[in-house]
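One letter stands for each residue in the lines below.
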Amino acid sequence: MEKNEWWKSAVGYQIYLKSFFDSNNDGVGDIAGITNKLDYIKNLGVDFIWISPFFDSPMDDNGYDVRDYKSIYSEYGTMEDFKNLVDRAHSMGLKVIVDMVINHTSSENNWFVKSVARATGFDDFYYWKDPKFDENGKILPPNNWQSFFGGSAWEYNSEREQFYLRLFSKSMPDINYNSRVAIKQIQDVMEFWMNLSVDGFRMDAISHIGKVESFKDGKVNHTYKMFSNLDNAHEFLTDILSIVKNKNIVTMGELGGCPTIYDQLKFSDSKRNELNMVFEFSHLNRFNKKTGKPDYKAIINSLKNKEKLISMGGWSTLFWTNHDYQRLVSMYGNNKALSKSASAFATAMYLLKGTPIIYQGEELAMTGYPFKNENEFEDVNAKMLIKLASTESEKKKVFESLKNTSRDNARTIMQWNGSVYAGFSEHKPWFLVNPNYHSLNVAVEQTEEHSALNEYRKIITLRKENSDAFCFGDCTFKRAPRGVCRYIRRSGKTEYDVIVNLTDEVKKYLLPVGAIVYTNYGEVIRGELSPFEAIVLKRQILI
Ligand code: GLC
Ligand code: CA
């Protein structure tokens, strides 16, 4: 391992700061709130934090719409607060990764204002196209590309009398990196944050920065292929990231748009000058269409592919959830076995080779929110989908689906303790608090030996204390009954056998020999695996 490849043996923690901790009791999480909770994070065994965007923003998409990349959203605090956080984190041995949103800006960003006015250098800073017209002279978008948030990906601007491309919300225009000015401006922003001693960047929506330049129609329902994982995305990215070369800066990129393993490799190959690691999502929302249960085969296959990527020379993050997905236990686990199901899935994922990243509250087995009506949603994506439903029955259908899938499930307030507003704030929070906070919170889980929190700590400790095997050793998947994930991690003469029943059923299984170094049940029955049982065995092998 190269000396500066610290991230290969590190564990990360993602903070969605608006919901994390409110230090000044105005109901909104803030930067000083993160600083307050660094001890908690450090105690989990974490080495770096990734903070969701905190730049000045009109907050259409909770900060993923950046108005000014060099200042801090006023409700989140000040630049002093940020410097303080970085200093404090560094003094504790924690690194800080900033969320760089470079695929798009807010339409309130000065670059966009200049582009609308065709100011010198900014004319082509975004993707502008002339409208089409129907036979009645009605203005139509230039092609059929669909936004990730629903509806056309084009928005008409009456001042320029042109459409601009926006893959996300209508106030988030996509930057055109064919423009040298755009490349320079984004590099300047990244320099700014590097000068503030950040340790790396999470590159938001990075697989979409290149588009098919003919701007022809895409295949209906698959138009995302016209702006996902294309060759020009790699060209732009290499160009942009030339400024982090030879610096001790880690880059992790979000790859949407169904990247193949070769796409992932291209982005994360250590021989190319792109990203250090990638996030891909093929293990999430995988359900068997007939039974409605998790599609275990697909999930385990996806884990295998993450290992394959690494064996090919790329690198993968290991994660079960983030601020864009339903909570892990509500997606794949079981409400009646929260700690067991959380720790089972954590064992299966976080003992693989790669870089684990835990999303705030996942370590508590926080659950999705019991939404009762559509007005409870905050997320621009959810609101758009509701708006697009034209009839009452369609609206109902959309609501039923959003209950389980809305990103808002992951954005409820972090549950610190059983006091009012879950100890997040003394003021009514900006968003919902899950009613289960009375019994599901940090304070309670600190005291329970087998809480999800303590099981997460044990799993991370096991990984770190045996980093030769878990961070750097080989990984071989083994056959196992359906729904059971089994792999062996090996370094030298020591091997660890990781066996996890991901299902809520008992599985007949003759346990292999070996000393038990982790169990989420406390007691192990040799002839079967209980629901969500996770076991790690250690053996010495003769070579
Ligand atoms: C990424 C973010 C998501 C955001 C989108 C647009 O997918 O994770 O929260 O809405 O990019 O920036
Ligand atoms: Ca606050």
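Basis of the calculations
- Residue indices follow the written sequence of each chain, beginning from 1 at its first position.
- Chains and ligands are labelled by the order in which they are written, letters from A for the one and numbers from 1 for the other.
- The predicted nature of this model means local features are confined to residues of pLDDT at least 70 and side-chain atom pairs, given and counted, to a pLDDT of 80 or more, with totals for whole chains, interfaces and linings taken over all residues.
- Derived side-chain values reflect all non-hydrogen atoms in the structure, with water molecules and hydrogen atoms excluded from consideration.
- Only residues above 30% relative accessible area that lack a salt bridge enter a patch, with like-charged residues linked at up to 9 Å and the nonpolar side chains Val, Leu, Ile, Met, Phe, Trp and Tyr linked at up to 5 Å.
- Per-residue and other accessible areas follow the Shrake-Rupley method at a 1.4 Å probe size, with only the shown protein chains counted as cover for residues.
- Here, a salt bridge means any side-chain nitrogen of Lys or Arg that lies within 4 Å of a carboxyl oxygen of Asp or Glu.
- Charge assignment: positive for Lys and Arg, negative for Asp and Glu; neither His nor the chain ends contribute.
- To locate a charge, take NZ of a lysine, CZ of an arginine, CG of an aspartate or CD of a glutamate.
- Each helix is a run of DSSP H or I of at least 4 residues and each strand a run of E of at least 2, with the numbering of both proceeding from the N terminus.
- Shown as donors are all N, O and S atoms within 2.8 Å of a metal ion, widened to 3.2 Å for Na, K and Ca; because water is not in the atom set, sites may appear incomplete.
- Here, strands pair whenever DSSP counts at least two bridges between them.
- Angles run from 0 to 180 degrees between N-to-C directions of axes, and those axes are lines fitted to C-alpha atoms, restricted for helices to the stretch in contact.
- Contact between two residues is taken to exist if any of their heavy atoms lie within 4.5 Å; hydrogens are not considered.
- Relative accessibility thresholds used throughout: buried, under 20% of the residue-type maximum; exposed, over 50%; partly exposed, between the two (1.4 Å probe, protein chains only).
- Proximity criterion: a residue is near a molecule or strand once any of its heavy atoms comes within 4 Å of it.
- For this analysis, a polar contact is any N or O atom pair within 3.5 Å, provided that within protein one partner can donate a hydrogen and the other can accept it, and provided that sequence-adjacent residues contribute only side-chain to side-chain pairs.
- Grid points spaced at 1 Å over the protein atoms alone were grouped into cavities, where a 1.4 Å probe fits but cannot get out, and pockets, open sets with protein on both sides within 12 Å along at least five of seven lines, with lining residues defined by an atom within 4 Å of a point.
- To qualify as sitting in a cavity or pocket, a molecule needs more than half of its atoms within 2 Å of the grid points.
- Each residue gets one label: Ala, Val, Leu, Ile, Met, Phe, Trp, Tyr, Cys and Pro are nonpolar, Asp, Glu, Lys and Arg are charged, and the others, such as Gly, are polar.
- Grid points are joined across faces, edges and corners, and a volume is the space filled by probe spheres set on the points.

A. Broad picture of a positive patch on the surface. Together, Lys297, Lys304, Arg479 and Arg482 give the surface a local cluster of positive charge. For Arg482, the position within the fold is in the loop between strand 16 (474–477) and strand 17 (484–491).

B. Up close: the coordination of the calcium ion (ligand 2). For the calcium ion (ligand 2), the full set of protein donor atoms is Asp22 (OD), Asn24 (OD1), Asp26 (OD), Val28 (O) and Asp30 (OD), at a range of 2.2 to 2.4 Å. Positions of the donor residues of the calcium ion (ligand 2) along the chain correspond to the pattern D-x1-N-x1-D-x1-V-x1-D.

C. View of the sheet that holds strand 22 (residues 534–540). Ordered by their spatial adjacency, five strands build an open sheet running 16-17-18-22-20, and the pairing between neighbours is antiparallel. Edge strands, defined here as strands with exactly one partner in the open sheet, are strand 16 and strand 20 (515–519). Neighbour-to-neighbour, the strand axes of this sheet turn through a mean angle of 20 degrees, independent of strand direction. As judged from the four bridges shared by strand 20 and strand 22, these two strands associate in the antiparallel manner. Along strand 22, the bridge assignment pairs Thr519 with Ile535. Lying over the sheet, helix 10 (residues 338–350) contacts strand 17, strand 18 (494–501), strand 20 and strand 22, oriented at roughly 140 degrees with respect to strand 18.

D. View of the environment of Phe168. With respect to the element layout, Phe168 can be found in the loop between strand 10 (162–165) and helix 5 (180–195). Taking the relative accessible area as the measure of exposure, Phe168 reaches 12% and is therefore buried. Distance from Phe168 to Ser152, taken between C-alpha atoms, is 9.8 Å for residues 16 residues apart in sequence.

E. Region of the structure containing the pattern of salt bridges. Overall, the coordinates contain 33 salt bridges when judged by the stated rule. A salt bridge links Arg272 to Glu274, with the nearest nitrogen and oxygen atoms 2.5 Å apart. The residue Arg539 makes a salt bridge to Glu495 at a minimum N-O spacing of 2.9 Å. Taken together, the positions of Arg539 in strand 22 and Glu495 in strand 18 put the pair 44 residues apart, joining distant regions of the chain. Like Glu495, Arg539 is buried. Among the charged side chains, a salt-bridge network with shared partners connects Asp61, Asp324, Asp379, Arg407 and Arg411.

F. Inspection of the site of ligand 1 at higher detail. The full set close to ligand 1 counts 13 residues, and Asp61, His104, Asp204, Glu254 and Asp324 are the nearest of them. Separating an oxygen atom of ligand 1 from a side-chain N or O atom of His323 is a distance of 2.9 Å. Between ligand 1 and the protein, one listed contact pairs an oxygen atom with a side-chain N or O atom of Arg407 at 2.9 Å. More than half of the atoms of ligand 1 fall within 2 Å of the grid points belonging to the largest pocket. A per-class count over the shell around ligand 1 returns four nonpolar, two polar and seven charged.

G. Spatial organisation of the sheet that holds strand 6 (residues 128–129). Ordered in space as 6-10-9, the three strands form an open sheet in which the pairing is antiparallel. Whereas interior strands pair on both sides, the edge strands pair on one side only; in this sheet they are strand 6 and strand 9 (154–157). Strand direction decides the pairing type here: strand 9 and strand 10, joined by four bridges, are antiparallel. Residue pairing in the sheet places Trp154 in a bridge with Leu165 of strand 10.

H. Structural detail: unusual backbone geometry. Located in the positive-phi region is Asn221, a residue other than glycine, with phi close to 70 degrees. The class for Asn221 is exposed, based on a relative accessible area of 69%. You will see that Asn285, though not glycine, has its phi angle at about 55 degrees, which is positive. With respect to the secondary-structure elements, Asn285 resides in the loop between strand 13 (277–279) and helix 8 (296–311).

I. Representation of the layout of surface pockets. Estimated volume of the largest pocket: approximately 1200 Å³. If you go around the largest pocket, you meet 42 residues; those closest to its centre are Phe148, Phe149, Asp324, Tyr325 and Asn381. Taken together, the elements giving at least two residues each to the lining of the largest pocket come down to strand 11 (200–204), helix 11 (380–388) and helix 12 (392–405). Here the residues of the lining of the largest pocket are counted per class, giving 16 nonpolar, 17 polar and nine charged.

J. Spatial organisation of a nonpolar patch on the surface. Residues Phe133, Ile139 and Tyr156 make up a contiguous nonpolar surface patch of roughly 280 Å² in combined accessible area. Its location among the elements puts Ile139 in strand 8 (residues 139–140).

K. Highlighting helix 7 (residues 261–268). The buried fraction of helix 7 amounts to six of the eight residues, a majority that puts the element mostly inside the structure. Buried within helix 7 are the following residues: Ile261, Asp263, Gln264, Leu265, Phe267 and Ser268. Looking at the buried side of helix 7, the elements it contacts are helix 6 (231–240), strand 13 and helix 8.

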